[in-house]
Amino acid sequence: MQTQVKPFSTPPTDGHHPIPLHVAIIMDGNGRWASQRNLPRLEGHRAGTENVRRVVQAFARWGVRYLTLYAFSTENWSRPKEEVQGLLDLLEATIQREGKALHKEKVRIRHLGRLDRLPPSLQQAIHEVLALTRHNEGLTLSVALDYGGRDEIVSAVRRILQDGIPPERVDEVLFARYLYTADLPDPDLIIRTAAEQRLSNFLLWQSAYSEFYFTPTYWPDFNEEEVERALTAFAQRQRRYGGLPTAPNGAPHP
Ligand code: IPE
Ligand code: IPE
Ligand code: MG
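All of the points below concern the structure found in this document.

About the cut-offs
Residues numbered from 1 in each chain as written. Chains lettered and ligands numbered in written order. Predicted model: local features only at pLDDT ≥ 70, side-chain atom pairs only at ≥ 80, totals over all residues. Heavy atoms only, no water. Near = heavy atom within 4 Å. Polar contact = N/O pair within 3.5 Å; in protein donor to acceptor, adjacent residues only side chain to side chain. 1 Å grid on protein atoms, 1.4 Å probe; cavity = no way out; pocket = protein on both sides within 12 Å on 5 of 7 lines; lining within 4 Å. Sits in = over half its atoms within 2 Å of the grid points. Nonpolar A, V, L, I, M, F, W, Y, C, P; charged D, E, K, R; others polar. Salt bridge = Lys/Arg side-chain N within 4 Å of Asp/Glu carboxyl O. Helix = DSSP H or I, 4+ residues; strand = E, 2+ residues; numbered from the N terminus. Axes fitted to C-alpha atoms, helices over the stretch in contact; angles between N-to-C directions. Parallel < 35°, antiparallel > 145°, perpendicular 65-115°, else oblique. Left-handed = near helix turned anticlockwise from the far one by under 90°. Contact = heavy atoms within 4.5 Å.

### A word on the site of ligand 2
Thinking step 1. The local shell around ligand 2 consists of Ile-26, Met-27, Asp-28, Tyr-70, Ala-71, Phe-72, Asn-76, Arg-79, Arg-192, Arg-198 and Ser-200.
Thinking step 2. Between an oxygen atom of ligand 2 and a side-chain N or O atom of Asn-76, the distance comes to 3.0 Å.
Thinking step 3. At a separation of 3.2 Å, an oxygen atom of ligand 2 approaches a polar side-chain atom of Arg-79.
Thinking step 4. When each cavity is represented as a set of grid points, ligand 2 is found to reside in the largest pocket.
Thinking step 5. Its residues assigned to classes, the shell around ligand 2 shows 5 nonpolar, 2 polar and 4 charged.

### What to know about the pattern of salt bridges
Thinking step 1. Per the stated rule, a full pass over the model turns up 17 salt bridges.
Thinking step 2. For Glu-196, the salt bridge goes to Arg-32, with nearest N and O atoms at 3.0 Å. Within this pair, whereas Glu-196 is found in the loop between β5 (189-192) and β6 (211-214), its partner Arg-32 is found in helix α1 (residues 30-36), the two being separated by 164 residues in sequence.
Thinking step 3. We note a salt bridge from Arg-239 to Asp-188, for which the minimum N-O separation is 3.0 Å. In this pair, Arg-239 is assigned in the segment after α8 (224-235) and Asp-188 in the loop between α7 (172-177) and β5, connecting sequence segments 51 residues apart.

### Observations concerning the packing of helix α3 (residues 52-62) against α8
Thinking step 1. Closest axis-to-axis distance for the α3/α8 pair is 9 Å, and the angle between their directions is 45°. Put simply, α3 runs oblique to α8. For α3 against α8, the interelement crossing comes out right-handed. In this structure, α3 uses Arg-54, Val-55, Ala-58, Phe-59, Arg-61 and Trp-62 to contact α8, whose residues at the interface are Glu-224, Val-227, Glu-228 and Leu-231.

Structure below.
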């Protein structure tokens, strides 16, 4: 059976549509978007940050409760110094500007990743936006910034050892509580823009049963129609979690 999703202009309100609870996005292609226009790479990053609000709003209208955006990876430090600096400056300005706008829309903002290597002014901007939005009850927006899945797992192992947890008490539930995503559901849908089909160290543990959606569209061009396309593709997936598919009445398929 194919499930139809209504057009983005009329988001579903009856709760019967298979909308993912948590969508995570690898926002890729800013550099290529800029090159295509003979612009410096940083102009692509600027356009990328300007795209965040409309995408957050679009997913919120569809009823998605958790959105996670991959903004800067633990490997992105290896880019030229000027690009890293420019990117971090842009992210700081975006957090300050969009934080206030998103606060008005009841968005709760979280940070995933390391804080200790970020410039102090960016750390400060993050602390402020988390404090400003912490009691909001709308969409939860997690920003992965100096985030790496391997770094997250290693840091969890370290803290489990530091806490003196005996080996027999370490199970999947306990382990997940030591990750940056401790209070988030696993992503149901992971979207990657700009044609690459890889995780690039994003949510390695949490993506165990995520559905993947890839689009050639560069991140600055990922708009409301693209959001609808991704959600429509998700609605047609059949998730099994290693089991067997069930019929609509809940009985196992013959
Ligand atoms: C994504 O765009 C933004 C970050 C990784 C920070 P890129 O900068 O990776 O753009 P491309 O992949 O070079 O086009
Ligand atoms: C992944 O994109 C990281 C972010 C989107 C923040 P990259 O452009 O860094 O990934 P690779 O290098 O192509 O794998
Ligand atoms: Mg890239």
